[in-house]
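Chain and residue survey
As a plain string of letters, each chain reads:
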Amino acid sequence: MSLWREALGLPQKKVKMAKRNYHAANTGRLFADFMASSRSPDSELRPDLVLMRNRSRELARNDVYVKRFLNLLKTNVVGDKGMTLQVKARTINGSLDSIGTQIIEDAFYQCGMKGNCTADGRLSWVDLQKYVIEATARDGEAFLQIVRSRSFLHGVAFHPVESDQIDEQKNEKLRNGREVRMGVEVDEFQRPVAYWVKKRHPGDSEFSSVSINSSNRIDAKNMIHVYDPIRAGQTRGEPWMAPAMSQLKMLNAHREAELVASRMAASKMGFFTSDNGEDMPADDYDNSVPIIDAEPGTFHQLPNGVDFKPFDPSHPATAFSDFQKGIIRGIASGLGVSYAALSNDLEGTSYSSIRQGALEERDSYKMMQQFLTDHFVIPAFNTWLLHVMEFGLIPLPASRFAKFSSAASFRPRGWQWVDPQKEINAAVTAMHNGVMSMQDVAGQYGRDVEETFSQWQRDKEMADTFGLDLAFFPFGGNEATKGVEVSDDNDADDEDEPAPRRQEVVVNIKQEQPQKKRSVKLVRDEKGVVVGVEANEE
């Protein structure tokens, strides 16, 4: 049709250009450097994994903010006591199996002590948790080999393996249909079935004569691989600091340049110039350049024809602080922590802002706690429990493994609030209204309500042993005496009564109808401890 229109001299129809529906897909001049990749996660990660991991370790060694970030993870995710085991297995009739529970908890506590937990005997159970979360954040992944030997306390221990020892260069398709991707052998569903581990660390060649290029195949059931897959089908983990590495490096270089410039500005410097170009008397020479040493409060008389040109850089710059805060805020967002926590800068903050930031940050730490529990703590515990049951190292048969394994839970650490009094009052109100339980409140502090009750029971028994009266009684213990007048009508002269003697305390309670009176007699034993209550109405 266009040829006929051209032959007849008719105007051509204008072709409308297709308009993109998404601005993010624009390919104009302003988007020429916005490149994107459509490769698989392993294809993108394979050429850059080693370099990113090494750079992440370099920042962990020398960058103050990365060091702070890793310490925040170990402190808030693991804490001083780590994930605490609690088993609540039930018997057939539904009661708590306290004997079996105590056997497992005591045995696991012994296994977690330093010298028993890891194959090299250097780490305890808490130390191992800190190592796993730090290695996962720094290197992107953590590997722990399950080693079995009679030399260990329970015949099994965990051996940390650095990610460098997993052979990234081993990539091939096997005859049985499986694939080896960066040292991880996977089946058709990308499930790991084995790991190819180098005999020695690649960077440890000066300490060993063993070839570092050869690798051994370790079955997946003997290896715990901890990492956070970003995309489906991702075989290896990437360092958590990858999005912030470039800004961390640039900020570190900028801080160094600013520090050097400020040091130069603090030192009075300058240059001597001469009209005739002749040298002047000097204290020292540097490559034939005269140098005059100056002391504070002294002045030198310059020869005729010599002039002094000061060099006075204006540092530190006034905008340096604001610029640094802006960069650190972006880095903190990339690392998943608050700016105040990463920088230790609480200037200009209020209670509400600190509380809001702390709540959001703690939610992130709770997610990391759950991640650590699911990917490391529970698999490690189940491996230990099955081993000690199968080999009879604890007096429980292996047939009861499923019962105790499913009843085991690990309690992470909790946090103290910014204003404890307000938070406690809010928790009490929530319990009165039925929206929270005692377990919910205790869980916020990293405790268990059963543990709390047991501790209070032990405190009361100890107070009775020493003949002490507690000043307060929790869990409603003071309800009987709220708003009432207590009068003790005990006759101090009556010393002939056999022990335990009854001490009657009359409590007069005011009622809405004044003609009725109700008396409550608190019966005490010889130590003065209340052992009963008698109510009478007149």
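Thresholds applied
Residues numbered from 1 in each chain as written. Predicted model: local features only at pLDDT ≥ 70, side-chain atom pairs only at ≥ 80, totals over all residues. Heavy atoms only, no water. pLDDT = per-residue confidence, 0-100. Helix = DSSP H or I, 4+ residues; strand = E, 2+ residues; numbered from the N terminus. Contact = heavy atoms within 4.5 Å. Salt bridge = Lys/Arg side-chain N within 4 Å of Asp/Glu carboxyl O. Buried < 20%, exposed > 50% of the residue type's maximum accessible area, 1.4 Å probe, protein only. Expected span 1.5 Å × (residues − 1). Pairing = 2+ DSSP bridges. Axes fitted to C-alpha atoms, helices over the stretch in contact; angles between N-to-C directions. Patch = residues over 30% accessible without salt bridge, like charges linked within 9 Å, V, L, I, M, F, W, Y side chains within 5 Å. Areas by Shrake-Rupley, 256 points an atom, 1.4 Å probe, with all protein chains shown as cover. Phe/Tyr/Trp six-rings, centres within 6.5 Å; stacked < 30°, edge-to-face > 60°.

Turning our eyes to something else, we now look at the confidence of the model for the protein chain. Looking at the protein chain as a whole, the pLDDT averages 82, with 77% of positions reaching at least 70. Within the protein chain, the lowest mean pLDDT, 44, falls on strand β15 (residues 485-488), and the highest, 98, falls on strand β9 (residues 223-227). For residues 480-503, every residue scores under 50 in pLDDT, and the model assigns this stretch 35 contacts once sequence neighbours within four places are set aside.

Working definition: two side chains of opposite charge can pair if their charged atoms are close together. Inspection of the entire model under this criterion finds 21 salt bridges. Taking the shortest distance from any N to any O, the salt bridge between R217 and E185 comes out at 2.9 Å. Of this pair, R217 sits in strand β8 (residues 215-219) while E185 sits in strand β6 (residues 184-186), placing them 32 residues apart in sequence. Residue R217 is classed as partly exposed on the basis of its relative accessible area, which comes to 41%. It is possible to trace a salt-bridge network through shared partners that takes in R53, R57, K74, E134, R138, D139, E141, E162, D164, E168 and R236.

Right, let's get into helix α4 (residues 64-78). In a regular helix each residue adds 1.5 Å, so 15 residues correspond to 21 Å; α4 covers 21 Å between its end C-alpha atoms and thus fits that length. Within the sequence span of α4, burial applies to Y65, V66, F69, L70, L72, L73, N76, V77 and V78. Of the residues trailing α4, G79 is marked for its positive phi of about 80 degrees.

An order of β3-β2-β9 is seen for the 3 strands of this open sheet, with the pairing classed as antiparallel. Bordering the open sheet on either side are β3 (156-161) and β9, each of which pairs with just one other strand. Neighbour-to-neighbour, the strand axes of the sheet open up by a mean angle of 25 degrees, direction not taken into account. Pairing analysis gives 6 bridges linking strand β2 (residues 141-148) to β3, with the strands arranged antiparallel. Residue pairing for β3: I146 is matched across the bridge by F158.

Glancing now at the environment of N213. With respect to the helices and strands, N213 occurs in the loop between β7 (192-198) and β8. Assessed through its relative accessible area of 62%, N213 is described here as exposed. Residues N213 and K198, spaced 15 residues apart in sequence, show a C-alpha to C-alpha distance of 6.6 Å.

Before going further, it helps to examine the sheet that holds β7. An order of β4-β5-β6-β7-β8 is seen for the 5 strands of this open sheet, with the pairing classed as antiparallel. Because the sheet does not close on itself, it has two edges, and the strands there are β4 (172-173) and β8. With 2 bridges connecting them, β4 and strand β5 (residues 179-181) associate as antiparallel partners. Opposite K173, over in β5, you have E179 as the bridge partner.

Turning our attention to a nonpolar patch on the surface. Taken together, the side chains of I424, V428, M431, M438 and F453 define a hydrophobic patch exposed on the protein surface, amounting to about 370 Å² of accessible area. At 3 residues, the largest contribution of residues to the nonpolar patch is made by helix α12 (residues 420-432). The residue M431 is located in helix α12 in this model. A relative accessible area of 31% means that M431 is categorised as partly exposed.

Time to look at the packing of aromatic side chains. Here the structure, examined in full by the defined rule, presents 10 aromatic pairs. When the ring of F108 is compared with that of F381, the centres are 5.4 Å apart and the planes differ by 80 degrees; the resulting orientation is edge-to-face. Note that F108 is positioned in helix α5 (residues 98-111) and F381 in helix α10 (residues 351-390), a separation of 273 residues in sequence. For the pair shown, F108 and F381 are each scored as buried. Here F381 and F410 contribute two aromatic rings whose centre-to-centre distance is 5.5 Å and whose plane-to-plane angle is 75 degrees, an arrangement assigned as edge-to-face. Placement of F381 in helix α10 and of F410 in strand β14 (residues 408-411) is noted, with a sequence separation of 29 residues between them. Accessibility classification places F381 together with F410 in one group, the buried group.

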